[in-house]
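Listed below are the residues making up each chain.
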Amino acid sequence: MRHAVVVCLWLVAVLGVAFAQAAENAPQRVRAFAALPDWTGLWDTEASRAVSRLSGKPAGDEFEAISKLVPLVGPAPYTEAWGKNLQAALSQPAAVTGASNAKLCTYGFPIIMDVFEMFQAVVTPEETLFVFDDGEVRHIYTDGRKHPGKDDLWPTAMGDSVGHWEGETLVIDTVARTEGSLGMGPNTLSAQAHFIERVRRLDKNNLEDRLTIDDPVAFSHPWKLTFHYTRAADLNRMLPWDCANDRNPVVNGKLSVAPP
């Protein structure tokens, strides 16, 4: 009985402190949220709007459309040495066959910001998340933390992103992106690639992401690109893309339909 009383008193004390802290921080947190821009809703990339349909059927030749709509698969400002090495690698038959028959279920950064994926932006005082319909998520920490130290920082498909707000523009700094292919198209990056984004809402239905990629190993100068996103007005919820059950394999660079 005495033990039960002690436990109850402990719970009351802990809950009392928690509620007191919540009450103390509530106005501050409300003000922090109120100062943030409203990016609610679902956002389409230019490639998504032009290529995808709710039925999943692409409009016309998907790969031809993507090559025109996705700047990240276009010419990059490579150094002469990196460009020659890249062309030599791409000329190998195995590389060509593998690329044409590849099935991408995830993309990673930065190509995820430029391909035919829909995403939702979740903006909080501590971080902004970009949640994509293929299940990938970008975490941009805005609570003042820095990139991890050298011993705790390792390459990942999304890299490590921290950011801060300049008015209603989110400035994102990303490092530690996995070296190599962008996952789509011929372009590659070194482990030293450094990314700066400036994301802002142009109006109620349009977002803009100005991306600068600085790769001192691969590029002769920084690569600057601009992506535009439009609010998906015809959808009121995320439609997840189930890549594992996708019956549209890529064969010799062409989409086909596999039997169930």
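It should be noted that the structure appears before, not after, this text.
Heads up: these notes are all about the structure in this document. The shown structure was predicted, so the numbers you read here are calculated from the model rather than taken from an experiment. Along every chain, residues carry numbers that run from 1 in the direction the sequence is written. Per-residue local features of the predicted model are confined to residues with pLDDT of at least 70, and side-chain atom pairs are confined, for both listing and counting, to 80 or more; whole-chain, interface and lining totals are unaffected and use all residues. The side-chain figures draw on all heavy atoms in the structure; neither hydrogens nor water molecules are used.

**Here we look at the overall build of the protein**
Logical step 1: Only DSSP runs of H or I covering at least 4 residues are called helices, and only runs of E covering at least 2 are called strands; the numbering of each starts at the N terminus. Looking only at helices and strands, the protein features five helices and 13 strands.
Logical step 2: Every one of the 260 residues in the protein was classed for burial, and the buried ones make up 36%.
Logical step 3: Here, two residues are considered to be in contact whenever any of their heavy atoms come within 4.5 Å of each other. When contacts within the protein are restricted to residue pairs at least 6 apart in sequence, those whose partners lie at least 24 apart make up 55%.
Logical step 4: Carbon and sulfur atoms make up 59% of the accessible area of the protein, which totals about 15000 Å². Classification of residues uses two cut-offs on accessible area relative to the type maximum, computed with a 1.4 Å probe and protein chains only: under 20% is buried, over 50% is exposed, and between them is partly exposed. The accessible surface values rely on the Shrake-Rupley method and a 1.4 Å probe; as for residues, cover is taken only from the protein chains in view.

**Comments concerning the sheet that holds strand β11 (residues 223–231)**
Logical step 1: Strands sit in the order β1-β2-β3-β4-β5-β6-β9-β10-β11 around a closed barrel of nine strands; the barrel is mixed. Within this sheet the neighbouring strands show an average axis-to-axis angle of 30 degrees, counted without direction.
Logical step 2: Sheet topology places strand β1 (residues 42–45) next to β11; three bridges connect them, and they run antiparallel. Bridging across to β11, W43 finds its partner in R231. Strand pairing is defined by DSSP finding a minimum of two bridges between the two strands. Interaxial angle, 0 to 180 degrees, is taken between N-to-C directions of lines fitted to C-alpha atoms, where a helix line uses only the stretch in contact.

**Section: the nonpolar core**
Logical step 1: Ranked by size, the top nonpolar core spans 42 residues in total, and within it W39, L72, I111, M113, F130, I213 and F219 carry the most contacts.
Logical step 2: Listing elements by their share of this core, those giving two or more residues are α4 (80–90), β2 (118–123), β3 (127–132), β6 (169–175), β9 (194–203), β10 (206–214) and β11.
Logical step 3: Ranked by residues supplied to this core, first place goes to β11 with four residues.
Logical step 4: Those residues in contact with W39 that sit more than four places away from it in its chain are A121, V123, T128, F130, W165, E168, L170, V199, R200, R201 and L207. Side-chain atoms within 4.5 Å link the members of a nonpolar core, which is a set of buried Ala, Val, Leu, Ile, Met, Phe, Trp, Tyr and Cys residues.

**Looking at the environment of D209**
Logical step 1: Considering the arrangement of structural elements, one finds D209 in strand β10.
Logical step 2: Residues D209 and M113, spaced 96 residues apart in sequence, show a C-alpha to C-alpha distance of 8.6 Å.

**A word on the pairing of β3**
Logical step 1: In terms of burial, β3 is largely enclosed, as five of its six residues are buried.
Logical step 2: Pairing between β2 and β3: five bridges, direction antiparallel. Counted as the bridge partner of V123 is T128 from β3.
Logical step 3: Between β2 and β3, which follow one another and run antiparallel, lie three residues.
Logical step 4: Strand direction decides the pairing type here: β3 and strand β4 (residues 137–141), joined by five bridges, are antiparallel. Along β4, the bridge assignment pairs T128 with I140.
Logical step 5: Counting the residues that bridge the hairpin from β3 to β4 gives four residues, and of these G135 lies at a positive phi of roughly 100 degrees.

**What to know about α4**
Because the α-helix completes a turn every 3.6 residues, residues three or four places apart line up on one side.
Logical step 1: Among all positions in α4, only W82, G83 and L86 are buried. Burial along α4 is one-sided: seen end-on, the buried residues are contained in an arc of 100 degrees. Projecting away from the buried face of α4 at angles above 90 degrees are the exposed residues E80, K84 and N85.
Logical step 2: Against the buried residues of α4 lie β8 (188–189). Here the arc refers to the directions that run from the helix axis out to each C-beta atom.

**Comments concerning the pairing of β10**
Logical step 1: Two strands pair when backbone bridges link them, and β9 and β10 are joined in this way by nine bridges, in the antiparallel orientation. The partner of F195 across the bridge, within β10, is I213.
Logical step 2: Between the end of β9 and the start of β10, which pair antiparallel, lie two residues.
Logical step 3: Strand direction decides the pairing type here: β10 and β11, joined by eight bridges, are antiparallel. Residue pairing in the sheet places I213 in a bridge with W223 of β11.

**Re the side chain of D215**
Logical step 1: Within the secondary structure, D215 is located in the loop between β10 and β11.
Logical step 2: Of the side chains with opposite charge, R177 lies nearest to the buried D215, which makes no salt bridge, at 7.9 Å.
Logical step 3: Once residues within four sequence positions are removed from consideration, D215 is found in contact with L189, S190, Q192 and A193. Under the convention used here, Asp and Glu are negative, Lys and Arg are positive, and both His and the chain ends fall outside the count. Salt bridge criterion: a side-chain nitrogen from Lys or Arg within 4 Å of a carboxyl oxygen from Asp or Glu.

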